[in-house]
Amino acid sequence: MAAIEHLTVGSTDPPLVEGKLRLYSMRFCPYAARVHLVLNAKKIPYDPVYINLINKPEWYTSRIPTGKVPALVTEGTDLYESLIIANYLDEKYPENKLQSDDPLRKAKDSILIESFGKVGSIMYKMYFNDIDTETFDQFLGALDDFEKELSSRGTTFYGGNAVKLVDYMLWPFFERMSMFALPDKPQFKIPEARFPCLTKWMTP
Ligand SMILES: N[C@@H](CCC(=O)N[C@@H](CS)C(=O)NCC(=O)O)C(=O)O
């Protein structure tokens, strides 16, 4: 049966659903998408509640210190920050492990994930058409680093020959790049030939 999805929400938090983790989310949010991907990959039952970020409910802002989505309710505790939630889920539910046991590999993946922040902020400007060609060139330059990294790993995915946590953390941002190829924004078309490994990664 399809999961019941709570749409947002007025002055009260919907009751928790027995046997499911509660995920506070927002449909367009790439950070929330990271957690949806990990929950689905690990087949963990969960109950999404979509928060209206334009008019956030008071119960949410008073509970979640950042006021942002995603947040996860688990073991009677609120967790927030997408990467922290993803790491928690991977350790708490060790079937289908999504991270390497090699600490150096994990650290390198974390650096890669963190370094995506600068690309993400330019992407939002692009979405709102608030960008000039110089900034777009910087964006492509930042993508060059991700292309180089994937090429040097020599595998289809950042996580190796299968999709791993690092891929799930990056994917929602790349997935949203397709909207920049819309006909009304031809100036922001990403040249695929410049990013052969990334292009293959995005459409394996
Ligand atoms: N570092 C956070 C970023 C989360 C984030 O920026 N979420 C946005 C939606 S995509 C949000 O909740 N914005 C509402 C706000 O900033 O008040 C994470 O990784 O979870």
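Treat the numbers as computed from the prediction; the structure is a model and nothing was measured. Residue numbering note: each chain is counted from 1, following its sequence as written. Residue-level local features of this predicted model are given only where pLDDT is at least 70; pairs of side-chain atoms are given and counted only at 80 or more, and the full residue set underlies all totals for whole chains, interfaces and linings. Computation of side-chain values covers all heavy atoms of the structure but excludes hydrogens and water.

**Quick word on the UniProt feature "domain: GST N-terminal" (unreviewed entry) in the chain**
On the UniProt side, "domain: GST N-terminal" (unreviewed entry) is annotated at positions that read residues 19-97 here. The span residues 19-97 is 37% helix and 23% strand, and its two end C-alpha atoms sit 21 Å from each other. UniProt positions are given in the numbering used here, feature names are shortened, and annotations may be inferred rather than shown by experiment. Strands are runs of DSSP state E lasting at least 2 residues, helices are runs of H or I lasting at least 4, and numbering of each runs from the N terminus.

**Some details on the packing of aromatic side chains**
A pair of aromatic rings is counted whenever rings of Phe, Tyr or Trp (Trp by its six-membered ring) have centres within 6.5 Å, and the orientation is called stacked for planes under 30 degrees apart, edge-to-face for over 60 and tilted otherwise. Here the structure, examined in full by the defined rule, presents 12 aromatic pairs. Between the aromatic rings of Y24 and Y60, the centroid separation amounts to 5.3 Å while the plane-to-plane angle is 70°, which identifies the pairing as edge-to-face. Of the two residues, Y24 is situated in strand β1 (residues 21-25) and Y60 in helix α2 (residues 58-63); the sequence distance between them amounts to 36 residues. Think of it in three bands: with a 1.4 Å probe and only protein chains considered, a residue is buried below 20% of the maximum accessible area for its type, exposed above 50%, and partly exposed in between. Overall, Y60 belongs to the buried group, its relative accessible area being 0%. Geometrically, the ring pair formed by F136 and F139 is stacked, given 6.0 Å between the ring centres and 25° between the ring planes. Taken together, the residues F136 and F139, both in helix α5 (residues 133-153) and 3 residues apart, mark about one turn of the helix. Accessibility assignment for this pair places F136 and F139 in one class, buried. Connected via pairs of aromatic rings, a cluster forms that spans Y31, F116, F146, Y158, W171, F173, F174 and W201. A ring has a charge above it when a Lys NZ or an Arg CZ is no more than 6 Å from the ring centre and no more than 35 degrees off the ring normal. Sitting over the ring of Y50, R27 keeps its end group 4.2 Å from the ring centre. Sitting over the face of the ring of F28, R176 holds its NZ or CZ atom 5.4 Å from the ring centroid.

**Examining the side chain of R34**
Relative to the elements of secondary structure, R34 occurs in helix α1 (residues 30-41). Any two residues having at least one pair of non-hydrogen atoms within 4.5 Å are treated as being in contact. Once you skip the residues sitting within four places of it in the chain, R34 turns out to touch S82, L83, I113, Y168, M169, P172 and F173.

**Describing the site of the ligand**
Distances are taken per atom, and a residue is near a molecule or strand as soon as one of its heavy atoms is within 4 Å of it. Residues in close proximity to the ligand include C29, Y31, L53, K56, K68, V69, P70, E81, S82 and Y124, which together make up its full environment. Counting of polar contacts relies on pairs of N or O atoms within 3.5 Å, with two restrictions inside protein: one atom must be capable of donating a hydrogen and the other of accepting it, and residues adjacent in sequence are counted only when both atoms are side-chain atoms. Within the side chain of K56, one N or O atom sits 2.4 Å away from an oxygen atom of the ligand. Note that a nitrogen atom of the ligand is positioned 2.8 Å from one of the side-chain N or O atoms of E81. Each accessible area is a Shrake-Rupley result for a 1.4 Å probe, and residues are judged covered by the shown protein chains and nothing else. A total of 510 Å² of accessible area belongs to the ligand in isolation, and the protein chains cover 74% of it. Here the term charged refers only to Asp, Glu, Lys and Arg, the term nonpolar to Ala, Val, Leu, Ile, Met, Phe, Trp, Tyr, Cys and Pro, and the term polar to all other amino acids, Gly among them. Considering only residue class, the shell around the ligand consists of 6 nonpolar, 1 polar and 3 charged.

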